[in-house]
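Chain by chain, the residues:
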Amino acid sequence: MLLLNASGCLDALAAPGVARRLDAFVTKTVTPEPRQGNQPVRIAETDSGMLNAIGLANPGRERFLSQILPDLVATLELPVWVSVGGFSAHDYAESCAALHGDDVAAIELNLSCPNVDEAAESAADIVTACRAATPLPLYAKLSPATWDMSEVARAIEAAGADGLSLVNTMRGAALDRDLRPILATATGGYSGPSLKPVALAAIFACRRATDLPIVGMGGVQSGRDVLEFVACGATHVALGTTLFADPDAPQRVRAELRTALDEAGLERVEDAFCLAHESVAVLDNHA
Ligand SMILES: Cc1cc2nc3c(=O)[nH]c(=O)nc-3n(C[C@H](O)[C@H](O)[C@H](O)COP(=O)(O)O)c2cc1C
């Protein structure tokens, strides 16, 4: 099991010491053109989680390739996964074709940002275009806001993806005292601990639908959370919102995982893989 960061939740050049505690670093989503992102206010705390409406602010593919990626590779000495975004299958495929195995361990296709317009093509069509553009491992990152996740997972596997990243944020909103939306865009992506049951359900359903490796994320805060994600079928686990509050989360979570394994009577985290499925025989209406 690899412990990763969730895309957009760690600036590895600003905090390389935090990134080096991970097994691989996932970049913020990069789009073909530079993006300023949305107007402030772009972040809001709620009683139960965080809202962000960053809107994929990033320097664009050209600067990413010429400056940021070489800096990341030289600074981190870690496998780097690049998160790729776009507004058409062509955008995604062009970015995939520009990435090479010397610097990049895997590509995560962000098919699910709640803060920007989506490509007209389906997730599977985008994966097909990217598959033709690169031999690098391709992970498709999905939103949990789809009722039949297992169907999407099967289509993405058939299109040639090598793995799934589950889950991205869900759309949410929060109001201020005067009953006005706090975020300038009114709605944003909702993340943090309250997303965990949603993420576990998505991983559970997709694991029953495919054998693809799954990077699980969504509200992971502790070593016990990691164990639960693996028990539902995650192969790897990523830390997101928790990194904003606790930069020591990678080593803390690893230490807690050791305790959680002892408490569960397990030796290795891999021993927990899919344990949650053993007591569930049929799940036809959800998987
Ligand atoms: C501030 C912020 C920025 C994010 N930016 C991205 C992004 O650029 N690309 C992406 O795929 N996901 C992005 N995400 C989503 C996270 O990678 C992750 O899927 C989500 O937050 C759920 O995990 P968590 O509850 O542990 O944070 C972002 C999340 C936050 C909170």
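A brief structural summary. (Residues numbered from 1 in each chain as written. Predicted model: local features only at pLDDT ≥ 70, side-chain atom pairs only at ≥ 80, totals over all residues.)

### Here's the deal with helix α9 (residues 249-264)
So, point 1. End to end, α9 covers 21 Å across 16 residues, agreeing with the expected 22 Å (1.5 Å per residue, within 8%).
So, point 2. Among all positions of α9, only Ala249, Pro250, Val253, Leu257 and Ala260 are buried. All buried residues of α9 lie within an arc of 80° about the axis, which places them on one face of the element. More than 90 degrees from the buried face of α9, the exposed residues found are Gln251, Ala255, Arg258 and Asp262.
So, point 3. Tucked inside the fold, the buried residues of α9 contact β1 (3-5), α1 (16-19), α7 (223-232), β12 (236-239) and α8 (242-245).
So, point 4. Two residues or fewer after α9 comes glycine 265, characterised by a positive phi angle close to 70°. (Helix = DSSP H or I, 4+ residues; strand = E, 2+ residues; numbered from the N terminus. Expected span 1.5 Å × (residues − 1). Buried ≥ 20, exposed ≤ 12 C-beta atoms within 10 Å, placed from the backbone. Arc of directions from axis to C-beta. Contact = placed C-beta atoms within 7 Å.)

### As for the site of the ligand
So, point 1. Taken together, 25 residues lie near the ligand, and Ala6, Gly8, Ser191, Gly240 and Thr241 sit nearest.
So, point 2. Elements supplying a minimum of two residues to the shell around the ligand: β4 (50-52) and β10 (187-191).
So, point 3. Taken together, the residues that form the shell around the ligand break down as 8 nonpolar, 15 polar and 2 charged. (Near = placed C-beta within 6 Å. Nonpolar A, V, L, I, M, F, W, Y, C, P; charged D, E, K, R; others polar.)

### Some thoughts on the nonpolar core
Generally speaking, a soluble globular protein has its nonpolar side chains buried in company with each other.
So, point 1. Counting 85 residues, the largest nonpolar core has Ile107, Leu109, Cys130, Ala140, Leu164, Ile203 and Cys206 as its most contacted members.
So, point 2. The greatest single-element share of this core, amounting to 8 residues, is contributed by helix α6 (residues 196-209).
So, point 3. Ignoring anything within four residues of it in the chain, the contact list for isoleucine 203 reads Leu166, Ile214, Gly216, Phe229, Cys232, Gly233 and Ala234. (Core = buried A, V, L, I, M, F, W, Y, C linked by C-beta atoms within 7 Å.)

### Some details on helix α3 (residues 89-97)
So, point 1. For α3, the full list of buried residues reads Ala89, Tyr92, Ala93, Ser95 and Cys96. Projection of α3 onto a plane perpendicular to its axis shows the buried side chains occupying an angular sector of 160°, all on one side.
So, point 2. Turning to α3, the residues buried within the fold contact α2 (61-76), β5 (80-84), β6 (106-110) and α4 (123-133).

### Comments concerning the sheet that holds strand β3 (residues 43-45)
So, point 1. Strand order in the open sheet made by the 4 strands is β3-β4-β10-β9, with antiparallel pairing throughout. Edge positions in the open sheet fall to β3 and β9 (170-173), since each of these has one partner strand only. Adjacent strand axes in the sheet meet at a mean angle of 40°, parallel and antiparallel pairs treated alike.
So, point 2. The sheet contact formed by β4 and β10 spans 3 bridges and is antiparallel. Looking at the pairing, asparagine 52 lines up with glycine 189 of β10. (Pairing = 2+ DSSP bridges. Axes fitted to C-alpha atoms, helices over the stretch in contact; angles between N-to-C directions.)

### Considerations on the environment of aspartate 125
So, point 1. Structurally, aspartate 125 is set in helix α4.
So, point 2. Taking the number of C-beta atoms within 10 Å as the measure of exposure, aspartate 125 has 16 and is therefore partly exposed.
So, point 3. In sequence terms aspartate 125 and serine 88 are 37 residues apart; their C-alpha atoms lie 9.8 Å from each other.

### Notes on the sheet that holds β5
Hydrogen bonds between backbone groups are what pair the strands of a sheet, and the pairing can be parallel or antiparallel.
So, point 1. Overall, parallel pairing links the 8 strands, which are arranged β1-β12-β11-β8-β7-β6-β5-β2 in an open sheet. Each edge of the sheet is formed by a strand with only one pairing partner; in this case those strands are β1 and β2 (25-26).
So, point 2. Where strand β8 (residues 163-166) lies against strand β11 (residues 214-216), 3 bridges are found, and the strand directions are parallel. Residue leucine 166 lies in a different strand from β11, and its bridge partner there is glycine 216.
So, point 3. Running over the sheet, α4 touches β6 and β7 (138-142) and is turned about 160° from β7.

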